[in-house]
Amino acid sequence: LERQLLMQNEMRERQTAMQIAWTREFLKYFGAFYGLAAIGLTAGAIKKKNPGVFVPVIPLSFVFAYQYDMGYGTLLQRIKGEAENILDTQSSLLELPKGALTYEDLEKIRRSQSKFFIEK
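Residues numbered from 1 in each chain as written. Predicted model: local features only at pLDDT ≥ 70, side-chain atom pairs only at ≥ 80, totals over all residues. Heavy atoms only, no water.

As recorded in an unreviewed UniProt entry, the protein chain goes by PLRKT protein and comes from Trogon melanurus.

We now examine the overall build of the protein chain. Along the protein chain, the regular secondary structure elements total 4 helices and 0 strands. Along the protein chain, helices (α) and strands (β) appear in the sequence α-α-α-α when read from the amino end. For the protein chain, the C-alpha radius of gyration of 25 Å lies well beyond 14 Å, the compact-globule estimate for 120 residues. Taken along the three principal axes of its C-alpha coordinates, the protein chain extends 85 × 35 × 30 Å. The long-range fraction of contacts in the protein chain, counting pairs at least 24 apart against all pairs at least 6 apart in sequence, stands at 51%. Total accessible area computed for the protein chain in this model is approximately 10500 Å², and 64% of it derives from carbon and sulfur atoms. Of the charged side chains in the protein chain, 16 are positive and 13 negative; the average position of the first set lies 12 Å away from that of the second. (Helix = DSSP H or I, 4+ residues; strand = E, 2+ residues; numbered from the N terminus. Rg over C-alpha atoms; globule rule 2.2 N^0.38 Å. Contact = heavy atoms within 4.5 Å. Areas by Shrake-Rupley, 256 points an atom, 1.4 Å probe, with all protein chains shown as cover. Lys, Arg positive; Asp, Glu negative; His and termini not counted. Charge placed at Lys NZ, Arg CZ, Asp CG, Glu CD.)

Before going further, it helps to spend a moment on the UniProt feature "transmembrane region" (unreviewed entry) in the protein chain. When the UniProt feature table is mapped to this numbering, "transmembrane region" (unreviewed entry) covers residues 26-46 and 52-68. The span residues 26-46 is 100% helix and 0% strand, and its two end C-alpha atoms sit 30 Å from each other. Here residues 52-68 is 71% helix and 0% strand, with 26 Å between the C-alpha atoms at its ends. (UniProt positions renumbered as here; feature names shortened; annotations may be inferred.)

Turning next to the packing of helix H2 (residues 57-72) against helix H3 (residues 75-89). Running from amino to carboxyl end, H2 crosses H3 at an angle of 80°, the nearest separation of the two axes being 6 Å. Taken together, H2 and H3 sit at an angle that is classed as roughly perpendicular. Seen from H2, the contacting residues are Tyr66, Asp69 and Met70; seen from H3, they are Leu75, Leu76 and Arg78. Of the residues belonging to the contact of H2 with H3, the class tally is 4 nonpolar, no polar and 2 charged. (Axes fitted to C-alpha atoms, helices over the stretch in contact; angles between N-to-C directions. Parallel < 35°, antiparallel > 145°, perpendicular 65-115°, else oblique. Nonpolar A, V, L, I, M, F, W, Y, C, P; charged D, E, K, R; others polar.)

Let's shift gears to the packing of aromatic side chains. Going through the model one piece at a time under the given rule, you end up with 6 aromatic pairs. Their ring planes at 10° and their centres at 5.3 Å tell us that tryptophan 22 and phenylalanine 26 sit as a pair that is stacked. Of the two residues, tryptophan 22 and phenylalanine 26 are both situated in helix H1 (residues 2-48); the distance of 4 residues between them amounts to about one turn of the helix. Since its relative accessible area comes to 55%, tryptophan 22 is described here as exposed. Residue phenylalanine 26 is classed as partly exposed on the basis of its relative accessible area, which comes to 30%. (Phe/Tyr/Trp six-rings, centres within 6.5 Å; stacked < 30°, edge-to-face > 60°. Buried < 20%, exposed > 50% of the residue type's maximum accessible area, 1.4 Å probe, protein only.)

Of all hydrophobic cores here, the largest spans 7 residues; its members are Phe30, Tyr34, Ala37, Ala38, Leu41, Val57 and Leu60. If you list the elements that add at least two residues to this core, you get H1 and H2. The element that contributes the greatest number of residues to this core is H1, accounting for 5 residues. (Core = buried A, V, L, I, M, F, W, Y, C linked by side-chain atoms within 4.5 Å.)

Have a look at this one:
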């Protein structure tokens, strides 16, 4: 059981590392897009003397900030802290509908789905 727990934790850590690495790689491409868009929209707003052209930069800024926080900031620590808070103070939110699945429930489902099972 201890080996299984260690293996599951190792797999979770590897998946989390992959997610962070993916976010960092995505941030490079999105950062380039964001920079070009910001420059282009700013130039367009100045050239047309219409500040409304600059408006798309605002939501792009939020996306960029989120991706940066995920890749290099403290977002994962804050998520972990909130998850711990939910586990400690709001565990009723984690209950499954109809309660936890039992062996008897699984057997009932298996029997109902089996075409060849003959009830005794």
